[in-house]
Amino acid sequence: MMTEQLQRSREWLLLNAVECWLHYYSQSPSPTVDEYKQLRAELQAMYEASLSIKDAEITAPPTKSPRKRTRNGSQSSAKTV
């Protein structure tokens, strides 16, 4: 099941809500159950797409941080006595 990875994004929350509804109310046949099953399929696709985007961001090579500027000894604000 897709929710095992616990990526608590917006897509995960929506998918989890639909799966919970289906868990409790899918026993009685109604048009609403069919709509929720279709919605679950759409949300699973959205959730999988969001995971692939996040995986691509994680595997992207890290960028180099800019070098920190240091003060030159002659530019120091501390005065010597």
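Throughout this document, residue positions are counted from 1 along each chain, in the order its sequence is written. Where local features are concerned, this predicted model is filtered to residues with pLDDT of at least 70; where side-chain atom pairs are given and counted, the filter is 80 or more; whole-chain, interface and lining totals use all residues. Remark: hydrogens and water are excluded; side-chain values derive from all non-hydrogen atoms of the structure.

Student: Mind laying out the overall build of the protein, listing which residues take part and the relevant values?
Tutor: In terms of regular secondary structure, the protein is built from 2 helices and 0 strands. Out of the 81 residues in the protein, the part that is buried amounts to 16%. Residues count as neighbours in contact if any of their non-hydrogen atoms are within 4.5 Å of one another. Restricting the contact set of the protein to residue pairs at least 6 apart, pairs at least 24 apart contribute 53%. Accessibility throughout is a Shrake-Rupley quantity obtained with a 1.4 Å probe, and a residue counts as covered only by protein chains that appear here. Of the roughly 7200 Å² that the protein leaves accessible, carbon and sulfur atoms contribute 53%. What counts as a helix is a DSSP run of H or I of at least four residues, what counts as a strand is a run of E of at least two, and both are numbered from the N terminus. The buried label applies to any residue whose accessible area, calculated with a 1.4 Å probe on protein chains only, is under 20% of its type's maximum; exposed applies above 50%, and partly exposed to all values in between.

Student: Would you mind going over the packing of aromatic side chains in detail, with residue names and values included?
Tutor: Ring pairs shown here join Phe, Tyr and Trp side chains whose ring centres sit within 6.5 Å, with only the six-membered ring taken for Trp; geometry is labelled stacked below 30 degrees between planes, edge-to-face above 60, and tilted in between. If you walk through the whole model with that rule in mind, you get 2 aromatic pairs. Plain terms: the ring middles of Trp 21 and Tyr 25 are 5.3 Å apart, the flat faces sit at 40 degrees to each other, and that makes the pair tilted. Of the two residues, Trp 21 and Tyr 25 are both situated in helix α1 (residues 10–25); the distance of 4 residues between them amounts to about one turn of the helix. For Trp 21, a relative accessible area of 23% corresponds to the partly exposed category. An angle of 15 degrees between the planes, with centres 3.9 Å apart, marks the rings of Trp 21 and Tyr 36 as stacked. Of this pair, Trp 21 sits in helix α1 while Tyr 36 sits in helix α2 (residues 31–59), and the two are 15 residues apart along the sequence. For Tyr 36, a relative accessible area of 26% translates into the label partly exposed. Taken together, the aromatic side chains of Trp 21, Tyr 25 and Tyr 36 make up a single cluster linked through ring pairs.

Student: Give me the environment of Trp 21: which residues, what numbers.
Tutor: Placed 15 residues apart in sequence, Trp 21 and Tyr 36 show a C-alpha to C-alpha distance of 8.2 Å. Those residues in contact with Trp 21 that lie beyond four places of it in its chain are Ser 26, Thr 32, Val 33 and Tyr 36.

Student: With reference to specific residues and values, describe the environment of Leu 39.
Tutor: Along the chain, the position of Leu 39 falls in helix α2. Residue classification places Leu 39 among the partly exposed residues on the basis of a relative accessible area of 34%. Each C-alpha atom of the pair Leu 39 and Leu 15 lies 8.6 Å from the other, and the pair is 24 residues apart in sequence.

Student: Could you give an account of α1, with specific residues and numbers?
Tutor: The span expected for a helix works out to 1.5 Å for each residue beyond the first. In this model, α1 (16 residues) spans 23 Å end to end at C-alpha, consistent with the 22 Å of a helix rising 1.5 Å per residue. Among all positions in α1, only Trp 12, Leu 15, Val 18, Glu 19 and Leu 22 are buried. With its buried residues spanning 135 degrees around the axis, α1 presents them on a single face. In α1, those exposed residues whose orientation departs by more than 90 degrees from the buried face are Arg 10 and Tyr 24. Read the arc as the range of directions from the helix axis to the C-beta atoms.

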